[in-house]
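So you can see what is in the structure, the chains are spelled out below.
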Amino acid sequence: MIVGIDGSDPSLQALDWAVDEAVLRNTDLRIVHASRWERYEALQPSSGLTRGSLRQHSEHLVAQALERARKRAPQARISSHIAEKDPSSALVEASREAGVIVVGSRGRGTFSGLLLGSVSLPVAAHAECPVVVVRGSDKNVHGGFGRIALGVGAPEQAPTAADFAFHEAELRRAEVLALRAWRCPAHELPDYPTDDSQAHVVRAENELAVALHDPREAHAGVRAHAEPHEGRARDVLVEASALSDLLVVGARRRHSSVGLQLGPVGHAVLHHAACPVAVVPLD
């Protein structure tokens, strides 16, 4: 597991979450701080910053993060790495060999008006492993609800994200709330001739049953509830996130060099969810 830090409060929140998660998973945690010092080599900033002082600043940040992590979990296996790269590129590259990448919702360089950071969004969009963007209140972040929310998309794409959600629930002794949104044209167009909402409900229930069949068998001890909801998927998931410890969604890959692609639902929950969001690459 890898957590990206930059010294900001959101990245420290992500660090704490990652430490707890590493203990739950009984896995190694690597703290990564990335900065492109080479951009300053030909410059002489008025502030007096040099490549050496920036390197020292990075080492100080990482040392503080290590101390914080080891105080939080003395038994955890924690290491650190400083990368001379753009932070997004460094974390995406690291995702090729990582089990999970953890990042904060915003960093030091994010303008106050932005809802999601300039690092967290591209990492979530292009990483080759699951990415957790840590956001929300302390109760959401630190397991105050005992619930993992799972957004179920197309049934043939759901098993990977569903298995991740069930595994997280198993580790935390939490329950899974699986959600499938549906929309009925009769409820949106006043002149629509028939109201076939029951057919939509039945279809959503069947899709949930298919998506959860294998994870339920693999994680028999996990309690799971499946609920179809009328409305836009992004609204249903954001609402559910308010009473969840983690929201899990899948992201479809395109067969091109641009990597993992996030659709409108993924973007919406990363910007507006009230709890940490796990974006899981779909097979």
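Residues numbered from 1 in each chain as written. Predicted model: local features only at pLDDT ≥ 70, side-chain atom pairs only at ≥ 80, totals over all residues. Heavy atoms only, no water.

A. Region of the structure containing the overall build of the protein. For the protein, the count of helices and strands is nine helices and ten strands. Sorting the 283 residues of the protein into buried and exposed places 46% on the buried side. Just so you have it, the protein exposes about 14100 Å², and 49% of that area is on carbon and sulfur atoms. (Helix = DSSP H or I, 4+ residues; strand = E, 2+ residues; numbered from the N terminus. Buried < 20%, exposed > 50% of the residue type's maximum accessible area, 1.4 Å probe, protein only. Areas by Shrake-Rupley, 256 points an atom, 1.4 Å probe, with all protein chains shown as cover.)

B. Representation of the nonpolar core in the model. Judged by nonpolar contacts, the single largest core of 46 residues is most densely connected at Val3, Ile31, Val102, Leu150 and Val248. If near-sequence neighbours (up to four positions away) are discounted, valine 248 is found in contact with Ile148, Ala149, Leu150, Gly151, Ala161, Phe164, Ala165, Ala278 and Val280. In this structure, Leu91, Leu177, Leu237 and Ala251 belong to the second largest nonpolar core, which totals 31 residues. (Core = buried A, V, L, I, M, F, W, Y, C linked by side-chain atoms within 4.5 Å. Contact = heavy atoms within 4.5 Å.)

C. Local environment of helix α1 (residues 9-25). Between its first and last C-alpha, α1 extends 24 Å over 17 residues, near the 24 Å set by a 1.5 Å rise per residue. Along α1, the residues that are buried comprise Ser11, Gln13, Ala14, Leu15, Asp16, Trp17, Ala18, Val19, Glu21 and Ala22. Two residues or fewer past α1, asparagine 26 is found with a positive phi of approximately 55°. (Expected span 1.5 Å × (residues − 1).)

D. Fine view of the pairing of strand β2 (residues 29-34). Summarising burial for β2: five of the six residues are buried, a large majority. For strand β1 (residues 2-4) and β2, the ladder comprises three bridges, and the chain directions are parallel. Residue pairing across strands places valine 3 opposite isoleucine 31, the latter belonging to β2. With respect to chirality, the unit in which β1 leads through α1 into the neighbouring parallel β2 is right-handed. Bridge count between β2 and strand β3 (residues 78-83): six bridges; the pairing is parallel. Of the residues in β3, the one forming a bridge with valine 32 is histidine 81. (Pairing = 2+ DSSP bridges. Right-handed = clockwise from strand over helix to strand, strands pointing away.)

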